[in-house]
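Letter by letter, the chains look like this.
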Amino acid sequence: MRSSALLLRALRGSGLASCAAEDAAHKVMPALARAASTSAAATARPAASWASRAASAFGAAAALAGLTTVAAADHEAEHGLDSGAWPWSHSGLLDSYDHASIRRGYQVYKQVCAACHSMQYIHFRDLVGVAYTEEEAKAMAAEEEIMDGPNDEGEMFERPGRLSDPLPAPYANEQAARYANGGAYPPDLSLICAARPNGTNYVFSLLLGYKEPPAGISVREGLHYNPYFPGGAIAMPRMLADGGVEYDDGTPSSSSQQSKDVSTFLAWAAAPEHDERKLVGVKALTVIGIMWCFALYQKRLKWAPLKSRRVVVDVVN
Ligand code: HEC
């Protein structure tokens, strides 16, 4: 109790939270004092001082709790709510991506996100063997009109897309993108999962995290409340709605399914080497393990005569 009282004094000294502590002390005090006054007159004085100490302790605890809550709330407001750790099917040591999910995730990107976000580092050819066959990817590319040129007459011209083209960007440049989005820039999504802390979980939580702003928080016109976004107000409205995407494999497209699939797709886009990395890791560890056994055997073989020999020094003869 003494340490709490000291703590309270320290808090008072630093001018921090003294009001909260004293407030609490004043509320608790009369109640405790009333309780004490019902006891015998001889014990009234010690009881009252006990009451004041207890009140200080309660006050300090309340002040500390208040401080930590305020600190946590500050952190969340500035950096966004913790996005958690969702059980991705590719997060285990030996797990590869769920490629059916990458394929669905591309469909979410194409049908929803591509209206505002580019993916300049992903080409149609990158999808081949990952989520689509070569024919499918060629057909998808050919559906796009790509500006190319200049031709022999110095003119730009449009042609059907090829496997070597990047996924088409929705806006010609950053200014056009900002102009269409009220001044906010929809960032390129190729590397977003690597560019944000806890990226895949962040994208998943962000897309589903839209809420009514809590009492006392007002969000500027044109922004939307989302506690996972640093600052809490994001220019992107909620984009995923149940049934808003049509999957070619017939999976029911709830908004959480869409968010999971597009997050897997973006995780793949940011780290396409992931599957190969784990596979090579397993192969390398296996080979190193076998070689280690040989090395151990050889070492023991070479050292055996030295370690087991007996040296006899005969000084007489
Ligand atoms: C109507 C246009 C629009 C669509 C469609 C859209 N976004 Fe956005 N998005 C934006 C804008 C604008 C921002 C910038 C927000 C800001 O800076 O406040 C943004 C930001 C983001 C961010 C970055 C947040 C950060 O930490 O900087 C991610 C991730 C994102 N969008 C993912 C998606 C995904 C995935 C989809 C598809 C499901 C999607 N967006 C669809 C407009 C859009």
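So, how was this worked out
Here the residue numbers are simple positions, counted from 1 along each chain's written sequence. Residues qualify for local features only when their pLDDT is at least 70, as the model is predicted, and side-chain atom pairs are given and counted only at 80 or more; totals for whole chains, interfaces and linings, by contrast, use all residues. A run of H or I in DSSP counts as a helix once it spans at least four residues, and a run of E counts as a strand once it spans at least two, with each numbered from the N terminus. Exposure in this text rests on C-beta crowding, where 20 or more other C-beta atoms within 10 Å of a residue's own make it buried, 12 or fewer make it exposed, and counts in between make it partly exposed. The C-beta atoms are placed from the backbone. Residue pairs qualify as contacts under a 7 Å threshold applied to their C-beta atoms, which are placed from the backbone. Here is the check we use: build the C-beta atom from the backbone, and if it is within 6 Å of the molecule or strand, call the residue near. When residue character is reported, Ala, Val, Leu, Ile, Met, Phe, Trp, Tyr, Cys and Pro are called nonpolar, Asp, Glu, Lys and Arg charged, and the others, Gly included, polar. UniProt positions are given in the numbering used here, feature names are shortened, and annotations may be inferred rather than shown by experiment. What a helix is expected to span follows from its residue count: subtract one and scale by 1.5 Å. Two axes enter the definition of the bend at a residue: one is fitted to the seven residues ending there, the other to the seven starting there, and the bend is the angle between them. Buried Ala, Val, Leu, Ile, Met, Phe, Trp, Tyr and Cys residues whose C-beta atoms connect them within 7 Å together make up a nonpolar core. Each residue carries a pLDDT score, the predictor's confidence in it, ranging from 0 to 100. To obtain each axis, a line is fitted to C-alpha atoms, and for helices this fit is confined to the stretch in contact; angles are then taken between N-to-C directions over 0 to 180 degrees. Orientation categories follow fixed angle ranges, with anything under 35 degrees roughly parallel, anything over 145 roughly antiparallel, 65 to 115 roughly perpendicular, and all other angles oblique. In this scheme the handedness of a crossing depends on how the near helix is turned from the far one: anticlockwise by less than a right angle means left-handed, clockwise means right-handed.

(A) Seen up close, the overall build of the protein chain. The helix and strand tally for the protein chain stands at eleven helices and four strands. Going through the 317 residues of the protein chain one by one, you find that 21% of them count as buried. Nonlocal contacts in the protein chain, meaning residues at least 24 apart in sequence, comprise 62% of its contacts between residues at least 6 apart.

(B) Fine view of the site of the ligand. In the vicinity of the ligand there are 21 residues, among which Cys113, Cys116, Pro186, Ala235 and Met236 approach most closely. Of the residues that constitute the shell around the ligand, the class distribution is 18 nonpolar, two polar and one charged.

(C) The UniProt feature "binding site: heme c" (unreviewed entry) in the protein chain, seen in detail. Look at the UniProt record and you will see "binding site: heme c" (unreviewed entry) annotated at Cys113, Cys116, His117 and Met236. A stretch of 124 residues holds the annotated residues, and the largest C-alpha distance among them is 10.8 Å, short enough that they meet in one place. Tracing the backbone through its elements, the reader meets Cys116 in the loop between α4 (99–111) and α5 (124–127). According to the C-beta neighbour criterion, Cys116 is partly exposed, with 18 such atoms within 10 Å. Not counting residues within four places of it along the chain, the set of residues in contact with Cys116 comprises Pro170, Asn181 and Pro186. Among the structural elements, Met236 can be located in the loop between β4 (233–234) and α10 (255–270). Residue classification places Met236 among the partly exposed residues on the basis of 18 C-beta atoms within 10 Å.

(D) Examining helix α11 (residues 274–308) more closely. Relative to the 51 Å expected for 35 residues at 1.5 Å per residue, α11 spans 49 Å between its end C-alpha atoms, a close match to the ideal helical length. Lys302 marks the point of greatest bend in α11, at about 35 degrees, and the proline Pro305 comes within the next four residues.

(E) Here's a closer look at the environment of Glu76. Along the chain, Glu76 turns up in helix α3 (residues 41–79). The sequence separation of Glu76 and Pro227 amounts to 151 residues, and the corresponding C-alpha distance is 7.8 Å. In contact with Glu76, other than residues within four places in its own chain, are Leu81 and Pro227.

(F) Here's a closer look at the environment of Gln257. If you trace the backbone, Gln257 turns up in helix α10. Residues Gln257 and Ser101 lie 156 residues apart in sequence; the distance between their C-alpha atoms is 9.3 Å. Contact partners of Gln257, with chain neighbours within four places excluded, come to Thr251 and Pro252.

(G) Expanded view of the nonpolar core. The biggest cluster of nonpolar side chains holds 34 residues, and the ones touching the most others in it are Val203, Phe265, Leu266 and Ala269. Broken down by secondary-structure element, the contributors of at least two residues to this core are α4, α5, α6 (134–142), α8 (192–195), α9 (199–208) and α10. Considering every element that reaches this core, the biggest residue donor is α10, with seven residues. With near-sequence residues (within four places) excluded, Val203 lies in contact with Ile192, Cys193, Ser263 and Leu266.

(H) Representation of the confidence of the model for the protein chain in the model. Per-residue pLDDT for the protein chain has a mean of 84; in total, 77% of the residues score no lower than 70. Residue range residues 1–48 is modelled with pLDDT below 50. Its contacts to residues more than four positions away, or to other chains, number 54 contacts.

(I) Broad picture of α9. The buried fraction of α9 amounts to eight of the ten residues, a majority that puts the element mostly inside the structure. By the burial criterion, the buried members of α9 are Thr200, Asn201, Tyr202, Val203, Phe204, Ser205, Leu206 and Leu207.

(J) Geometry of the packing of α4 against α10. Between α4 and α10, the shortest axis-to-axis distance is 7 Å and the interhelical angle comes to 100 degrees. Comparing the axis directions of α4 and α10 gives the class roughly perpendicular. Where α4 abuts α10, its residues Ser101, Ile102, Arg104, Gly105, Tyr106, Val108 and Tyr109 lie against Gln258, Lys260, Asp261, Val262, Thr264, Phe265 and Trp268. The residue makeup of the contact of α4 with α10, split by class, is seven nonpolar, four polar and three charged.

(K) Region of the structure containing the packing of α9 against α10. Interaxial distance between α9 and α10 falls to 9 Å at its minimum, and their mutual angle equals 150 degrees. Taken together, α9 and α10 sit at an angle that is classed as roughly antiparallel. Note on packing geometry: the crossing formed by α9 with α10 is right-handed. Of α10, the residues touching α9 (which contributes Gly199, Thr200, Val203, Phe204, Leu207 and Leu208) are Ser255, Ser256, Ser259, Lys260, Ser263, Leu266, Ala267 and Ala270. Across the contact of α9 with α10, the residue classes break down as seven nonpolar, six polar and one charged.

(L) Fine view of unusual backbone geometry. The linkage connecting Gly149 with the following residue, Pro150, adopts the cis geometry, with an omega of -5 degrees. By secondary structure assignment, the location of Pro150 is in the loop between β1 (145–148) and β2 (157–160). Non-glycine residue Asn198 carries a positive phi angle of around 55 degrees. Among the structural elements, Asn198 can be located in the loop between α8 and α9. Given 15 C-beta atoms within 10 Å, Asn198 falls into the partly exposed group.

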